Amino acid sequence: MVNTAHPAVDRVRLALNAQGIDPEIRWFDDATTTAVAAAAALGIEVGAIANSLVFTLDGAPLLVLTSGAHRVDTVWLGERLGGTIGRASKDLVKEATGQVIGGVAPLGHPSPIRTLVDEDLAGYPVVWAAAGHAHTVFPTTFAELLRLAGGEATPVVPPTAD
């Protein structure tokens, strides 16, 4: 039986409720710590997974919600943002979000975090984001994800030459 109670998930649920949303939080038997695992568990395209990655931008926490279809180009994105992006430590992730790697939600954090939302997620009618624990996700839309996260829509990889 899947445990459907966890303090971080409860905080995410309360944050969603405060935004007027009664979330459909899905619990999985196994952890879905990667976009590929989450997409497989849901039976959807990996690109519809809003993969939550915590980086640092010149030392400050930066949450990037990226499509599971690609990796963030940190050098390119850092140049666009006028700084240097590095991977956050697991301790910084927990401190900044109140959640652990593999389950970071776009909201429910102890204090606001600058958040970027991959514009490629706009290509999916429904996107799925972590709900505070590696065994949880919830559905939303790109527009709602931007609003919930207080995020900025941006590309996270350089444009391809067609």
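Going by the annotation in an unreviewed UniProt entry, the name recorded for the protein chain is YbaK/EbsC family protein, with Cryobacterium lactosi given as the source organism.

**As for helix α4 (residues 90-97)**
Listing the buried residues of α4 in full gives Leu-92, Val-93, Ala-96 and Thr-97. End-on, the buried residues of α4 take up no more than an arc of 105°, which puts them together on one face. More than 90 degrees from the buried face of α4, the exposed residues found are Lys-90, Asp-91 and Glu-95. Taken together, the buried residues of α4 touch β2 (49-57) and β3 (60-67). Positive backbone phi, approximately 75°, marks Gly-98, located one or two places after α4.

**Concerning the pattern of salt bridges**
Counting across every chain of the model gives three salt bridges. In this structure, Glu-144 and Arg-147 form a salt bridge, with 3.9 Å as the shortest nitrogen-oxygen distance. Separated by three residues within a single helix, Glu-144 and Arg-147 lie in helix α5 (residues 142-149), roughly one turn from each other. Judged by relative accessible area, Glu-144 falls into the partly exposed class, the value being 25%. For Arg-147, a relative accessible area of 42% corresponds to the partly exposed category.

Here is what the cut-offs are and how they apply
Residues numbered from 1 in each chain as written. Predicted model: local features only at pLDDT ≥ 70, side-chain atom pairs only at ≥ 80, totals over all residues. Heavy atoms only, no water. Buried < 20%, exposed > 50% of the residue type's maximum accessible area, 1.4 Å probe, protein only. Helix = DSSP H or I, 4+ residues; strand = E, 2+ residues; numbered from the N terminus. Arc of directions from axis to C-beta. Contact = heavy atoms within 4.5 Å. Salt bridge = Lys/Arg side-chain N within 4 Å of Asp/Glu carboxyl O.

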